[in-house]
Structure formats: structure tokens, C-alpha cells
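The lines below spell out each chain.
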Amino acid sequence: FAALTKDAFRLAPLVDLGVEFNTGAYYFYGSNFAYVGLRPKVGAVATYQFSDIVTGLAQLEVPFSIALTVRGFQITPTTALGAEFHLGERFSWLVAGIIGFDATHTPADTTFYSVAWGARLGLGYRIF
């Protein structure tokens, strides 16, 4: 839900709470560890409607993983920039690039820092 709307610009808060099951696999991330935990996330999403078809998107996300079964945590603040293309009816296509950093504090009481990056591609259907 938009907290601020001005002409073609919208700003909305982002608040999530989830449960995370991490297997501790090392093949992508050498400092990973196995745990079950809570994953709260806060952030904001800003959009600007350039036309009936194209909407620009900027997003800030700060997910925080709190391990419940061992001692440790992970925080990965990221920003994303992209665009949503309306395909007709209620369908849209999203393309976004993501960049940020990752801090992981392991049960061995060491903290590892790395660059967080990614791409988000999606096909969506608007319910409302």
C-alpha cells in the first residue's frame, strides 16, 4: 500500500517476517552454516510511472536472518533498480538489478563480509 502518492510517483514501506531453513551448503558461500531461523525484512519501494506501459522501480531491502538453532546471524542490505513492463490485461514483466553487501556472523564467532548482487526477472499477475 502506498504511503506517499504524488502524480506518477509512489512510495510504499516493505515489512516482512518469515522462517528460514538453511542447509549450510558451502558450494556458493564458504561461510554458510546450517540453521533454522527467523527472517524479518524492512525496506521501501518507490515507483514512477513513465507511461501506460513502463514503470520505473527502486527498492531498498534490509533482510536480517536470526539463527535460532545455533549462534549466528546474517544481514544483507541491498538496493534494486529496474522496470516493470505492462503486457496487457493484468500481466506484467519485471527486470531489476540488485547490489548491496552481506555480513555473516558464524557460530565460530567470526564475521565475513562480501558483495551481494543479483538480478530479478519475473512475470506477474495483478490481483487488484
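Look up: the structure comes first, before these words.
So, here's what we can say about the structure. Since the model is a prediction, treat every value here as computed from it, not as a measurement.

## Let's talk about the overall build of the protein
Alright, step 1. Secondary structure summary: the protein contains zero helices and eight strands in total.
Alright, step 2. Traced from its N-terminal end to its C-terminal end, the protein shows the element sequence β-β-β-β-β-β-β-β.
Alright, step 3. Along the longest, intermediate and shortest principal axes, the C-alpha atoms of the protein span 50 × 30 × 25 Å.
Alright, step 4. Every one of the 128 residues in the protein was classed for burial, and the buried ones make up 28%.
Alright, step 5. Expressed as a percentage of contacts within the protein between residues at least 6 apart in sequence, the contacts between residues at least 24 apart total 47%.
Alright, step 6. Computed over 8 positive and 9 negative side-chain charges, the separation of the two mean positions in the protein equals 3 Å.

## Side note on the pattern of salt bridges
Pairing is possible between side chains that carry opposite charge, provided their charged atoms lie close to one another.
Alright, step 1. Enumeration according to the criterion identifies five salt bridges in this entry.
Alright, step 2. The shortest N-O distance in the salt bridge between Lys 41 and Glu 61 comes to 3.6 Å. In this pair, Lys 41 is assigned in strand S3 (residues 35-49) and Glu 61 in strand S4 (residues 54-67), connecting sequence segments 20 residues apart.
Alright, step 3. Note on Glu 61: relative accessible area 11%, which makes it buried.
Alright, step 4. Across the pair Glu 61 and Arg 120 runs a salt bridge, and its minimum N-O distance is 3.7 Å. With Glu 61 in strand S4 and Arg 120 in strand S8 (residues 111-125), the pair connects residues that are 59 residues apart, well separated along the chain.
Alright, step 5. The network of salt bridges with common partners includes Asp 16, Lys 41, Glu 61 and Arg 120.

Cut-offs applied
In this numbering scheme, every chain counts its residues from 1 along its sequence in written order. Confidence filtering applies because this is a predicted model: local features only for residues at pLDDT of at least 70, side-chain atom pairs given and counted only at 80 or more, and all residues used for totals across whole chains, interfaces and linings. The side-chain figures draw on all heavy atoms in the structure; neither hydrogens nor water molecules are used. Secondary structure elements are taken from DSSP: a helix is a run of H or I of four residues or more, a strand is a run of E of two residues or more, and numbering for both begins at the N terminus. Think of it in three bands: with a 1.4 Å probe and only protein chains considered, a residue is buried below 20% of the maximum accessible area for its type, exposed above 50%, and partly exposed in between. The contact criterion used throughout is that any non-hydrogen atoms of two residues lie within 4.5 Å. Under this rule, positive means Lys or Arg and negative means Asp or Glu; His and the chain ends count for nothing. Every charge is mapped onto a representative atom, which is NZ of Lys, CZ of Arg, CG of Asp or CD of Glu. A pair is scored as a salt bridge if a Lys or Arg side-chain nitrogen falls within 4 Å of a carboxyl oxygen belonging to Asp or Glu.

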